[in-house]
Amino acid sequence: MTTFHAALRIFRKDVRRLWPQCALACAAIAWSAAYNPMGGDHYAELRHLLAPVLCWVLAISVIHEERLVGDNQYWLTRPYTWRTLLAAKALFLLAFINLPLLVFQCVGIAAAGFSPLAWISALFWRQVFISIFFVMPAVALAALTKSIGQVILSAGASGLALLIVMGLLAELSGDWSIDWGDLEWIKQCGAALAAAGASAVIVFQYRRRRKALAAGMLAGVFALCMAVVFAPFWSAAPAIQRWFSREPALGEQVRLQVDESRIGKHPLNRLRGSFDQEGVRLEIPLSADVPPGTFLGGSRTSVRIEAPGRTPRSMLQVSRDFHRASDGAWLTVYVPPDVYQSIQFTPVRFSATVELVLFRPLAVLSDYDVNPTTKAANVAGLARCQFARIWPNCVSPSDRVAITAESGEEPLIGSAPPLSPIPMEMGFQGLARTFAASNDPVAAPGPLSISRPVAYVERSLEARDVRLADFRVETGGAAPGSR
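Residues numbered from 1 in each chain as written. Predicted model: local features only at pLDDT ≥ 70, side-chain atom pairs only at ≥ 80, totals over all residues. Heavy atoms only, no water.

S.K.: Where do I start with the overall build of the protein in this structure?
M.R.: Secondary structure summary: the protein contains 11 helices and 14 strands in total. Expressed as a percentage of its 483 residues, the buried residues of the protein come to 46%. Within the structure as shown, the protein displays about 22800 Å² of accessible surface, and the carbon and sulfur contribution to it stands at 60%. (Helix = DSSP H or I, 4+ residues; strand = E, 2+ residues; numbered from the N terminus. Buried < 20%, exposed > 50% of the residue type's maximum accessible area, 1.4 Å probe, protein only. Areas by Shrake-Rupley, 256 points an atom, 1.4 Å probe, with all protein chains shown as cover.)

Structure follows, in structure tokens:
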């Protein structure tokens, strides 16, 4: 009997024994993949939780059909090798997790008006990341345990270790979350490479069945993955991003500096948003020159303020910090109130490193039909937007699309879409929210600009002997005395 026929027999046996778990997992996958993030759903949290849990149960169950821990398993006397057994289990997981997920995601995005074939690459990468982050850890734990109870205890111990790590980071740094902004994909890829090490543990355990050594290897993989997830910002990350930019030469043409002729003036009213940081809001006037047919979007800003006789203060913010209006370009900075009060009228040296994203509009569309009942429309096959809210609410099979509402001025991107060279979504849903913004406080169904990031730009700014009081803007509008 060939290896293929032996693996197929094991596969058929597993299907006969585990068909109830297969049916439940496929039903949960279908329910989760049908979720549309554009509309309200009272069961959204249940959808997000149920599919992964049932997939984990199915993966653990199929591995435990031929347990690897112990010496008296019946399958050790059967006429097939560990390669045959591993191939059978991999075929089962592909058939009852990845394949149903791919099919139901295609059905979901087709029902939303998209062509699944046009997005097959994004759907493929979803399968890759779901396998790495959702399936492999469950398979690795199952390969090192005898029962579902031991899996639960192992998972609980891993969760406790994670909480301890998070607590230590919170105690040391005041915040365990480290926001990489638009470069988050670099950290995610690093975590994916680390998590993929679980596959080596699985192969080792099937080949050698040495539980203690495999458990130590899995603990090392977990520690490496956590180290990447909670790692501070890598200084090499901007260079990596520029390497993967579509048009890096275009980014080199961007010129950005503090516009000293506008110091003391303030931008036209820009209300404080729900994602703005706490602190005293400063608006730094900038002169920005960009290549024709492109525009800039904000990313992250590192600010340093030096006052005579005082310790320099450095701040990092990841927010909608760069914006343009009819009166020019501005950089928004939030300074702690105590720092501002102590040096607001003192001449200081202001310096900043601004990381921006250069966008190229692909098209400006005005010819699309808005459904009068749902207030939604499909835009060029790239996104589906709903206009019933203050801002356009758009979804797409990939969150790397930027949809911007036009209002007669330069487009504004509130925050850049992911800059990764490959789709990084890893959810069970077929649709993802895409980034949408508008310069108009009431977003009517007007022209929509479809843009994509083409270059990552990093620039240094400096202004000497300036007063913070000249940059202050009161929360909710322009400062007193502004134009």
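There is more to say, and it comes next.
S.K.: Honestly, the packing of aromatic side chains in this entry has me stumped. Any pointers?
M.R.: Going through the model one piece at a time under the given rule, you end up with 10 aromatic pairs. With a centroid separation of 6.2 Å and 65 degrees between ring planes, the pair formed by F11 and F92 is classed as edge-to-face. A residue pair is termed long-range when its members are at least 10 positions apart, and F11 in helix α1 (residues 3–33) and F92 in helix α3 (residues 82–111) qualify at 81 residues. For the pair F11 and F92, one class covers both residues: buried. Ring geometry for W56 against F134: centres 6.4 Å apart, planes inclined by 25 degrees, an arrangement best described as stacked. (Phe/Tyr/Trp six-rings, centres within 6.5 Å; stacked < 30°, edge-to-face > 60°.)

S.K.: How should I be thinking about helix α6 (residues 184–195) in this particular structure?
M.R.: For an α-helix, the turn length of 3.6 residues means that residues three or four places apart are oriented alike. With 12 residues, α6 extends 16 Å from end C-alpha to end C-alpha; this agrees with the ideal 16 Å at 1.5 Å per step. Of the residues making up α6, those classed as buried are W185, I186, K187, G190, A191, A192, A194 and A195. In the core, the buried residues of α6 are packed alongside α4 (120–143), α7 (197–208), α8 (211–229) and α9 (237–244). (Expected span 1.5 Å × (residues − 1). Contact = heavy atoms within 4.5 Å.)

S.K.: Where do I start with the layout of surface pockets in this structure?
M.R.: Vacant regions in the atomic arrangement are exposed by a probe of water-molecule size rolled over the atoms. What the second largest pocket holds in volume is close to 1100 Å³. Together, 36 residues line the second largest pocket, and P137, A138, L141, S158 and F222 are the ones closest to its centre. Where the lining of the second largest pocket is concerned, the elements lending two or more residues are α2 (44–64), α4, α5 (148–173), α6 and α8. Residue contributions to the lining of the second largest pocket peak at 11 residues, all from α5. For the lining of the second largest pocket, the residue count by class is 29 nonpolar, 6 polar and 1 charged. (1 Å grid on protein atoms, 1.4 Å probe; cavity = no way out; pocket = protein on both sides within 12 Å on 5 of 7 lines; lining within 4 Å. Points joined across faces, edges and corners; volume = space filled by probe spheres on them. Nonpolar A, V, L, I, M, F, W, Y, C, P; charged D, E, K, R; others polar.)

S.K.: Help me understand unusual backbone geometry in this model?
M.R.: Comment: phi is negative for the bulk of residues other than glycine, and the bulk of peptide bonds are trans. Within the chain, R209 stands out as a residue other than glycine whose phi angle is a positive 55 degrees. Secondary-structure assignment places R209 in the loop between α7 and α8. Of the residues examined, R209 reaches a relative accessible area of 27% and is grouped as partly exposed. Residues other than glycine seldom take positive phi values, yet D465 does so here, at roughly 55 degrees. Mapped onto the secondary structure, D465 falls in strand β14 (residues 448–466).

S.K.: Where do I start with the side chain of R459 in this structure?
M.R.: Within the fold, R459 resides in strand β14. We note that R459 is buried and unpaired, the nearest opposite charge coming from E458 at a distance of 7.2 Å. At 2.9 Å, the side chain of R459 and the backbone oxygen of G251 are in polar contact. In this structure the side chain of R459 is engaged in a polar contact, spanning 3.0 Å, whose partner is the backbone oxygen of V254. Apart from residues lying up to four places away in sequence, R459 is in contact with G251, E252, V254, R255, L256, A352, T353 and V354. (Lys, Arg positive; Asp, Glu negative; His and termini not counted. Salt bridge = Lys/Arg side-chain N within 4 Å of Asp/Glu carboxyl O. Polar contact = N/O pair within 3.5 Å; in protein donor to acceptor, adjacent residues only side chain to side chain.)

S.K.: What is the right way to look at the nonpolar core in this model?
M.R.: Generally speaking, a soluble globular protein has its nonpolar side chains buried in company with each other. Core analysis: the largest hydrophobic core is formed by 48 residues, its most contacted members being F92, L93 and Y206. Elements represented by at least two residues in this core include exactly α1, α2, α3, α4, α7 and α8. Ranked by the residues each element gives to this core, the list is headed by α1, at 10 residues. Setting aside its immediate chain neighbours within four residues, F92 contacts F11, D14, V15, L18, C22, L58 and V62. If you look at the next biggest cluster of nonpolar residues, it comprises 36 residues, including A307, Y340, F350 and F471. (Core = buried A, V, L, I, M, F, W, Y, C linked by side-chain atoms within 4.5 Å.)

S.K.: What is the right way to read the packing of α3 against α7 from this model?
M.R.: A pair of packed helices can be characterised by two numbers: the angle between their axes and the separation between those axes. Contact geometry of α3 with α7 gives a least axis separation of 9 Å together with a crossing angle of 140 degrees. As far as their axial angle goes, α7 and α3 are oblique. The interaxial crossing formed by α3 with α7 has right-handed handedness. Of α7, the residues touching α3 (which contributes W82, L85, L86 and K89) are I202, V203, Y206 and R207. Its residues assigned to classes, the contact of α3 with α7 shows 6 nonpolar, no polar and 2 charged. (Axes fitted to C-alpha atoms, helices over the stretch in contact; angles between N-to-C directions. Parallel < 35°, antiparallel > 145°, perpendicular 65-115°, else oblique. Left-handed = near helix turned anticlockwise from the far one by under 90°.)

S.K.: Please clarify how the sheet that holds strand β10 (residues 393–396) should be interpreted in this entry.
M.R.: Taken in spatial order, the 4 strands of this open sheet run β8-β9-β10-β12, and their pairing is antiparallel. Taken across any chain shown, the strands that pair with only one partner, and hence form the sheet edges, are β8 (376–379) and β12 (432–433). Alignment of β8 against strand β9 (residues 383–386), held across 4 bridges, turns out to be antiparallel. Note that in β9 the partner of N378 across the bridge is R384. (Pairing = 2+ DSSP bridges.)

S.K.: What exactly am I supposed to notice about the state of the cysteines here?
M.R.: By definition, a disulfide links the sulfur atoms of two cysteine residues through a covalent bond. Evaluation of the coordinates by the stated rule reveals 0 disulfides. A disulfide-free cysteine, C22 has its sulfur positioned 6.5 Å from the sulfur of C26, the nearest such atom. Using a relative accessible area of 4% as the deciding quantity, one classes C22 as buried. (Disulfide = S-S within 2.5 Å.)

S.K.: Would you explain the pattern of salt bridges in this entry?
M.R.: Two side chains bearing opposite charge may form a pair once their charged atoms approach each other closely. Inspection of the entire model under this criterion finds 16 salt bridges. Residues D14 and K13 are paired through a salt bridge, measuring 2.8 Å at the closest nitrogen-oxygen approach. Pair check on accessibility: D14 and K13 agree, each one buried. Here K89 and D14 are joined by a salt bridge, their closest N and O atoms 2.9 Å apart. Taken together, the residues span a long stretch of sequence, with K89 in helix α3 and D14 in helix α1 at a distance of 75 residues. Residue classification places K89 among the buried residues on the basis of a relative accessible area of 1%. The class of D14 is buried, set by a relative accessible area of 0%. Here the residues in one salt-bridge network are K13, D14, R17, E65, E66 and K89, joined through shared partners.

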